[in-house]
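# Topology and contacts: notes
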Amino acid sequence: MSTLADARPLTRPSRSSRPSRSSLGARLDLAQLGPNWYAAVMGTAILGNGAAVLPLRPPGLIGFGEVMWALGLAALLVLGAARLVHLTRHREAARTQLLDNPATAVFYGCPPMALLSVGLGTLLLGSRVIGTGPAVAVDAVLWGVGTLYALAVAGGIPYLMITRHPVSALEANPTWLLPVVAPLVASATGPALVPHLPAGLPQQAMLYACWALFGIGLLATLVLLPVVFTGLFHSKLPTLVLTPSLFLVLGPLGQSVTAVHQLADAARPVLPALAPAMLPFAELYGVAVLGVAMLWLAVALTANLRARRAGMPFAMTWWAYTFPIGTCVTGASALARHTGFGGFTAIAAGLYLLLATAWVLAAGGTAAGLARGRLLGRA
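Described in the following lines is the structure provided in the data block. Note that the coordinates shown come from a computational prediction; the quantities given were computed from them, not determined experimentally.

### Observations regarding the overall build of the protein
Per the secondary structure count, the protein includes 13 helices and 0 strands. In sequence order, the protein lays out its α and β elements as α-α-α-α-α-α-α-α-α-α-α-α-α. What you see for the protein is a C-alpha radius of gyration of 20 Å, in line with the 21 Å of a compact globule of 379 residues. Projecting the C-alpha coordinates of the protein onto the three principal axes gives extents of approximately 65 × 45 × 40 Å. Taken over 379 residues, the protein has a buried fraction of 53%. When contacts within the protein are restricted to residue pairs at least 6 apart in sequence, those whose partners lie at least 24 apart make up 84%. Carbon and sulfur atoms provide 69% of the accessible area of the protein, an area that totals close to 15800 Å². Mean positive and mean negative side-chain charge positions of the protein (22 and 9 charges, respectively) differ by 13 Å.

See below:
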């Protein structure tokens, strides 16, 4: 995903203008580094997490998932260090990104989702590498920090839009959903920690908190979606390279399906009075919302194929292909697990192949852009 400023085409430079490998690090301009770069961490983490929950188990899938978890964790650490440099040495640029530029401010929804996704992957996949105890500790820290961050963003960015940012509902686009999806990600990843908490009040408090996060994210999404579609219908997308952002609509849909199923599973031993009602609700809600997601997936794919034929170049917006599709993978996988219906297994498997393809395209384009100085390159 990208800010509008990052949406410049990646044309091939001449041989003489290409940076050498030894000078590449010196040519990076971290003043340009925005929160949108965390979308690369999100996309990598969801590829690993999808492997962990996929109802099919081909040989090597879990090993592949562990590699993607390790890559996502490494990317999170490197990007976190780079952002620390950005926030300390380029304070004016950071201030502008958050307070004065709504096109970049909405991407502050990405960092908490990156923390939450890597944390879940540590528990699902990293526990096989570092042990269950350390994995639980890492996930607990990343979930706690990511959830607080998600709540700050879900409340703070709309506040800035109301009081400071020059925005118009007639120019809304799907990136506006990013701040409010983060609580949904917290609600979907939190239930995995419930069995590792002391029985009784701690487990109940965690489960109720996750339901509250689900409500925050879902209701905020329902408020924003009509605004987003109003902007799309009235003003279209401002640039061709923002066409991949259409996939962002899938994020709250797939993530909410994942969340209700995770909450239903966690409720069985913790809230026995409510648990019998939660699973039927999760299944009915999941089928209905996944159906909407598949329809929108067809719309987004068609629009992006059209944009590719029109010459859409690579930009960081291509990471918008990954995480939203990944949430549909985890949602369809949960439906397959709970219903036993083979159709959902087929959907989950097909979406995972689409997710892997999207990750290869986004990661390859990003690596090429960094190597050629077209991303974060000094003028």
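### Describing helix α8 (residues 178-189)
Helix length check: α8 (12 residues) gives 17 Å between terminal C-alpha atoms against 16 Å at 1.5 Å per residue, within 8%. For α8, the tally of buried residues reaches 12 of 12 residues, placing the bulk of the element in the interior. Every buried residue of α8 is accounted for by L178, P179, V180, V181, A182, P183, L184, V185, A186, S187, A188 and T189. As for α8, its buried residues are in contact with α6 (110-130), α7 (132-163), α9 (201-235), α10 (250-270) and α12 (322-339).

### Thoughts on the pattern of salt bridges
Enumeration according to the criterion identifies 5 salt bridges in this entry. We note a salt bridge from R164 to D100, for which the minimum N-O separation is 3.0 Å. On the criterion of sequence distance, the pair formed by R164 in the loop between α7 and α8 and D100 in helix α4 (residues 91-100) is long-range, its members being 64 residues apart. R337 serves as the salt-bridge partner of D265, at 2.8 Å between the closest nitrogen and oxygen. In this pair, D265 sits in helix α10 while R337 sits in helix α12, placing the two residues 72 residues apart along the sequence. What makes D265 partly exposed here is its relative accessible area of 25%. One salt-bridge network, in which partners are shared between bridges, spans R95, D100 and R164.

### Digging into unusual backbone geometry
Positive phi, normally seen in glycine, also occurs at K236, with a value near 60 degrees. The topology assignment puts K236 in the loop between α9 and α10.

### Re the packing of aromatic side chains
In the structure shown here, the tally under the stated rule is 9 aromatic pairs. Between F214 and Y285, the aromatic rings sit 6.3 Å apart at their centres with planes inclined by 70 degrees, giving edge-to-face as the arrangement. Of this pair, F214 sits in helix α9 while Y285 sits in helix α11 (residues 275-309), and the two are 71 residues apart along the sequence. Residue F214 shares its accessibility class with Y285, and that shared class is buried. Arranged with centres 5.2 Å apart and planes meeting at 80 degrees, the rings of F229 and W296 form a pair that is edge-to-face. A residue pair is termed long-range when its members are at least 10 positions apart, and F229 in helix α9 and W296 in helix α11 qualify at 67 residues. Note on W296: relative accessible area 15%, which makes it buried. Through a chain of ring-to-ring contacts, three or more aromatic side chains come together here, namely W211, F214, F281 and Y285.

### Thoughts on the packing of helix α3 (residues 61-89) against α4
With their axes 5 Å apart at the nearest point, α3 and α4 run at an angle of 100 degrees to one another. Judged by the inter-axis angle, α3 sits roughly perpendicular to α4. Between α3 and α4, the residues in contact are R83, H86, L87, T88 and R89 and R91, A93, A94 and Q97, respectively.

### So, the environment of T317
Its place among the elements puts T317 in the loop between α11 and α12. Judged by its relative accessible area of 2%, T317 falls in the buried class. Linking T317 and N36, residues 281 residues apart in sequence, is a C-alpha distance of 8.8 Å.

Cut-off values and rules
- Residues numbered from 1 in each chain as written.
- Predicted model: local features only at pLDDT ≥ 70, side-chain atom pairs only at ≥ 80, totals over all residues.
- Heavy atoms only, no water.
- Helix = DSSP H or I, 4+ residues; strand = E, 2+ residues; numbered from the N terminus.
- Rg over C-alpha atoms; globule rule 2.2 N^0.38 Å.
- Buried < 20%, exposed > 50% of the residue type's maximum accessible area, 1.4 Å probe, protein only.
- Contact = heavy atoms within 4.5 Å.
- Areas by Shrake-Rupley, 256 points an atom, 1.4 Å probe, with all protein chains shown as cover.
- Lys, Arg positive; Asp, Glu negative; His and termini not counted.
- Charge placed at Lys NZ, Arg CZ, Asp CG, Glu CD.
- Expected span 1.5 Å × (residues − 1).
- Salt bridge = Lys/Arg side-chain N within 4 Å of Asp/Glu carboxyl O.
- Phe/Tyr/Trp six-rings, centres within 6.5 Å; stacked < 30°, edge-to-face > 60°.
- Axes fitted to C-alpha atoms, helices over the stretch in contact; angles between N-to-C directions.
- Parallel < 35°, antiparallel > 145°, perpendicular 65-115°, else oblique.

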